[in-house]
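Residues per chain, in single letters:
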Amino acid sequence: MNTNTYVAIMAGGVGSRFWPASREHKPKQFLDITGDGRSLLRITFERFLKVTSAEKIFIVTNGKYLDQVKQHLPELADNQILCEPSRNNTAPCVAYTAFKLHALNEEANFVIAPSDALITNETLFAENINRALEFTASQNAIVTLGISPDRPHTGYGYIEFEGEGVDHGVYPVRRFTEKPDEEKARGFLATGNYLWNAGIFIWSTKTILAAYKKFAPEIYELLHRGMSVYNTEKEQSFINEFYPQTPSISVDYAIMENATNVFTIPAQFGWSDLGAWGALHDESDKDAFGNVISAERTITEDVHNTLIRARPEKLVVVGGVDDLMIIDEKDVLLVYPRNREQEIKKLRGLAEQEFGAEYV
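Just so it is clear, the structure is predicted and the values come from calculations on it, not from any experiment.

Before going further, it helps to examine the overall build of the chain. When its secondary structure is counted, the chain shows 11 helices and 17 strands. Relative to the compact-globule value of 21 Å for 360 residues, the chain shows a C-alpha radius of gyration of 21 Å, a close match. Over its C-alpha atoms, taken along the principal directions, the chain stretches across nearly 60 × 50 × 35 Å. In the chain, the proportion of contacts linking residues at least 24 apart, taken out of those at least 6 apart, comes to 66%. Surface accessibility of the chain: about 16200 Å² in total, with carbon and sulfur atoms responsible for 46%.

And the structure:
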């Protein structure tokens, strides 16, 4: 393992499309969504141990989740947990991480990734990450892992790449595109030059900070002021003051869509972003009727293609339904069509508006 290699895992979101299981006080990255006894954050951390050692893995989270991060990842020192005082999207998050790692090691080369992806072939995943890290260690390059699509998915953004690679399967990116409708997504697949955008980025701190200085100067100037305090006891008070002043914008909009030195590695390691309940249904083992059941006591009659999740002490009896999400939490029961999963974020907002913050 290269001594300049670091990993940053973004774990500060609230997972609103996984409501009502994912809640403000305990969002989905701290839940055992897959049913294997580990949280998504723990799974992601262990996956990256194939890339670098534990002391070089950093977690970027909201300050309110500090204790939960420590609980799930007791291996980490306090300096490895970056606490955001506000949710300002991914561009400030990436910049803060880059400044902190650069202050630690000016030759730092790192991958930053979300905490909630499901990856089935972790060995191949590590091979792709290491190939990208080798490339960014020697090149002034920004690399994103692109997932080779196997269907015209309309819930992901896409990356269009050039057909000719520059080095060992690394290809220049032509453009990023937003989530398409189904007709456009089918067209993307037909060309063979489009990948799903997994939101996994690799770069050196020098390269990405130069990009911020050029394309996101407001973020750069605000967070550059802390270079003398990063990795010291004064870091948090600096971040608490200046981080909330940064604009709320994604790294895709701020950097990726503007930079010209962006490359991608087409990958196939069994990826899902687990953005909503439907993705969990798609990626989970199913019974003979297409159901995914995460509950200890169930009776199902004439039930097909349905996701059922319930607390262990609850007996769930379901009959004569197809294509539903049935999510039973202690204080919220959600029964909703699977093909309308994108409405869950709105429903969460309605629950808070009508019945109070304790339900979100």
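Now that the structure has been shown, the text picks up again.
This model, assessed by the stated rule, comprises 21 aromatic pairs. Arranged with centres 6.1 Å apart and planes meeting at 35°, the rings of Tyr96 and Tyr230 form a pair that is tilted. With Tyr96 in helix H3 (residues 90-104) and Tyr230 in the loop between helix H7 (217-224) and helix H8 (235-242), this residue pair connects regions lying 134 residues apart in the sequence. On the basis of relative accessible area, Tyr230 is assigned to the buried category, the value being 4%.

The subject of this paragraph is the pattern of salt bridges. Taken as a whole and judged by the stated rule, the model has 23 salt bridges. Where Glu75 meets Arg42, a salt bridge forms, and the shortest distance between an N and an O atom there is 2.6 Å. On the criterion of sequence distance, the pair formed by Glu75 in the loop between helix H2 (66-72) and strand E3 (81-84) and Arg42 in helix H1 (residues 40-48) is long-range, its members being 33 residues apart. In this structure Arg42 comes out as buried when scored by relative accessible area, which is 16%. A salt bridge links Asp323 to Arg338; its shortest N-O distance comes to 3.4 Å.

The next point concerns H3. Over its 15 residues, H3 runs 21 Å from end to end, which matches the ideal 21 Å to within 8%, given 1.5 Å per residue. Buried residues dominate H3, accounting for 12 of its 15 residues. Every buried residue belonging to H3 is among Ala91, Pro92, Cys93, Val94, Ala95, Tyr96, Thr97, Ala98, Phe99, Lys100, Leu101 and His102, and all of these are buried.

We now examine the pairing of strand E6 (residues 142-147). Within E6, 6 of the 6 residues are buried, which leaves the element mostly enclosed by the surrounding structure. Burial along E6 is two-sided: the residues Ile142, Thr144 and Gly146 and Val143, Leu145 and Ile147 are all buried. Bridge analysis of E6 against strand E9 (residues 194-204) gives 4 bridges, and the strand direction is antiparallel. Within the sheet, the bridge partner assigned to Gly146 lies in E9 and is Asn197.

The subject of this paragraph is the packing of H3 against H7. In the contact formed by H3 and H7, the axes pass within 10 Å of each other and the chain directions differ by 40°. Our classification of the angle between H3 and H7 gives oblique. For the element pair H3 and H7, the recorded crossing hand is right-handed. On the side of H3, the interface is formed by Ala91, Pro92, Ala95, Tyr96 and Phe99, while H7 contributes Ile219, Tyr220, Leu223 and His224. Taken together, the residues of the contact of H3 with H7 break down into 8 nonpolar, 1 polar and no charged.

This part is about unusual backbone geometry. Across the junction of Trp19 and Pro20, the peptide omega takes the value 10°, indicating a cis bond. Relative to the elements of secondary structure, Pro20 occurs in the loop between strand E1 (5-10) and H1. One non-glycine residue, Asp302, lies in the positive phi region at around 55°.

Orientation of H3 relative to helix H6 (residues 205-215), taken along the N-to-C sense of each, is 135°, at an axis distance of 10 Å. When the axis of H3 is compared with that of H6, the two are oblique. As H3 runs across H6, the sense of the crossing is left-handed. Of H6, the residues touching H3 (which contributes Thr90, Ala91, Val94, Ala95, Ala98, Phe99, Leu101 and His102) are Thr205, Lys206, Ile208, Leu209 and Tyr212. When the residues that make up the contact of H3 with H6 are grouped by side-chain class, the tally is 9 nonpolar, 3 polar and 1 charged.

Here we come to the environment of Ala185. Here Ala185 lies in helix H5 (residues 182-191). Its relative accessible area of 0% is what places Ala185 among the buried residues. Through-space distance from the C-alpha of Ala185 to that of Asn261 is 25 Å; in sequence the pair is 76 residues apart.

This part is about the sheet that holds strand E14 (residues 307-309). The strand order across the open sheet formed by 4 strands is E12-E14-E16-E17, and the pairing between neighbours is mixed. In this open sheet, the two strands that pair with only one neighbour each are strand E12 (292-294) and strand E17 (333-337). For this sheet the average axis-to-axis angle between neighbouring strands, irrespective of direction, equals 5°. Bridging between strand E16 (residues 324-328) and E17 involves 5 bridges; their strand directions are antiparallel. Each residue of the ladder has a partner; that of Asp328, found in E17, is Leu333.

Reading guide: rules and limits
- Residues numbered from 1 in each chain as written.
- Predicted model: local features only at pLDDT ≥ 70, side-chain atom pairs only at ≥ 80, totals over all residues.
- Heavy atoms only, no water.
- Helix = DSSP H or I, 4+ residues; strand = E, 2+ residues; numbered from the N terminus.
- Rg over C-alpha atoms; globule rule 2.2 N^0.38 Å.
- Contact = heavy atoms within 4.5 Å.
- Areas by Shrake-Rupley, 256 points an atom, 1.4 Å probe, with all protein chains shown as cover.
- Phe/Tyr/Trp six-rings, centres within 6.5 Å; stacked < 30°, edge-to-face > 60°.
- Buried < 20%, exposed > 50% of the residue type's maximum accessible area, 1.4 Å probe, protein only.
- Salt bridge = Lys/Arg side-chain N within 4 Å of Asp/Glu carboxyl O.
- Expected span 1.5 Å × (residues − 1).
- Pairing = 2+ DSSP bridges.
- Axes fitted to C-alpha atoms, helices over the stretch in contact; angles between N-to-C directions.
- Parallel < 35°, antiparallel > 145°, perpendicular 65-115°, else oblique.
- Left-handed = near helix turned anticlockwise from the far one by under 90°.
- Nonpolar A, V, L, I, M, F, W, Y, C, P; charged D, E, K, R; others polar.

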